[in-house]
Amino acid sequence: MEKHYSDSQVKGVSTGTTILAAIFDGGVVIGSDSRASMGGEYVSSKTINKVIQVHDRIFCCMAGSLADAQAVTKTAKFQLSFHSVQMEGPPLVIAAASVLKDLCYKNKEELEAGFITAGWDKKKGPQVYVVSLGGMLISQPVTLGGSGSTFIYGYVDAKYKPNMTREECLQFATNALALAMGRDNVSGGVAHLVVITEKGVEHVVVPGDKLPRFHDE
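The present account deals with the structure reproduced in this document. Each chain carries its own residue numbering, running from 1 in the direction its sequence is written. With pLDDT at 70 or above as the cut-off, local features in this predicted model cover only qualifying residues; side-chain atom pairs require 80 or more to be listed or tallied, and sums for whole chains, interfaces and linings still use all residues. Side-chain numbers come from the whole structure's heavy atoms, not from hydrogens or water.

Points about the environment of leucine 177
Here is step 1: Numbering of helices and strands starts at the N terminus; helices are DSSP runs of H or I of at least 4 residues and strands are runs of E of at least 2. Note that leucine 177 resides in helix α4 (residues 166-183).
Here is step 2: Exposure remark for leucine 177: the relative accessible area of 0% places this residue in the buried category.
Here is step 3: Any two residues whose heavy atoms approach within 4.5 Å at even a single point are treated as in contact. In this structure leucine 177 touches Thr18, Leu20, Gly31, Ser32, Asp33, Ala191 and Leu193, once residues within four positions along its chain are discounted. Here's how the labels work: a residue is buried when its accessible area is under 20% of the maximum for its type, exposed when over 50%, partly exposed in between, all with a 1.4 Å probe on protein chains only.

Focus: the sheet that holds strand β3 (residues 27-32)
Here is step 1: When DSSP finds at least two bridges between two strands, those strands are taken to pair. In spatial order, the strands read β11-β2-β3-β12-β13; together these five strands make up an open sheet with antiparallel pairing. In this open sheet, the two edge strands, each paired with only one partner strand, are β11 (142-145) and β13 (200-206). Along the sheet, successive strands turn relative to each other by an average axial angle of 15°, direction set aside.
Here is step 2: Comment: axis = line fitted to C-alpha atoms, over the contacting stretch for helices; angle = value between 0 and 180 degrees taken between N-to-C directions. Sheet contacts for α4: β2 (19-24), β3, β11, β12 (191-197) and β13; angle to β2, the most-contacted strand, approximately 165°.

Examining the packing of helix α1 (residues 66-87) against helix α2 (residues 93-106)
Here is step 1: Viewed as axis vectors pointing N to C, α1 and α2 meet at an angle of 135°, and their least axial separation amounts to 10 Å. Comparing the axis directions of α1 and α2 gives the class oblique. Here the hand of the crossing between α1 and α2 comes out right-handed. Contacts between α1 and α2 involve Val72, Thr75, Ala76, Gln79, Leu80 and His83 from the former and Ala95, Ala96, Val99, Leu100 and Leu103 from the latter.
Here is step 2: Three classes are used, and their members are as follows: Ala, Val, Leu, Ile, Met, Phe, Trp, Tyr, Cys and Pro are nonpolar, Asp, Glu, Lys and Arg are charged, and the others, Gly among them, are polar. Across the contact of α1 with α2, the residue classes break down as eight nonpolar, three polar and no charged. The labels follow the angle: roughly parallel below 35 degrees, roughly antiparallel above 145, roughly perpendicular from 65 to 115, and oblique for the rest. Handedness of a helix crossing follows the sense of rotation of the near helix relative to the far helix, less than a right angle counterclockwise being left-handed and clockwise being right-handed.

Structure follows, in structure tokens:
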């Protein structure tokens, strides 16, 4: 990626977000809210889709600078497409996460974006990886990020359990996003969710007025 240096102090569009991913029995759910803010001061969009498909059964969620995240995912999609042609097959989920990790690490002085990568492959089945701002890569069964995540760590720790069914995991993810969106002023909009299994990919969108409510909002 090209390096750009500027003395400008203008704040860019931030995803000011809540993102999460969780493994269930046979697949994985990855999701986010849809609100973007300008420098954390006002909402610039209510309909940003932060769940990006980088290959057939591999998706990532982005947090941080929207421009940085979009540039990284665009480059990653190109590299993974080229990789799949070379390997004559779909890339592994760890390969996709490693591409994002390398891009974030090599450009860590310029980028302000982190990612959650989730997907399914024939070698390891459902997987979730976290790529932090500086390029750290770690595998976890469930993870979350963004400004709204601070409000729901307790909920996630208490409610997540291994080997959940698809329906249980989808409800768990929806509830977690709803709780974060209810408390975090820069998370909101709709809940974008993607269910990834061996059989394929299913997109689920939960409108804001259909999200579960847990308190007097």
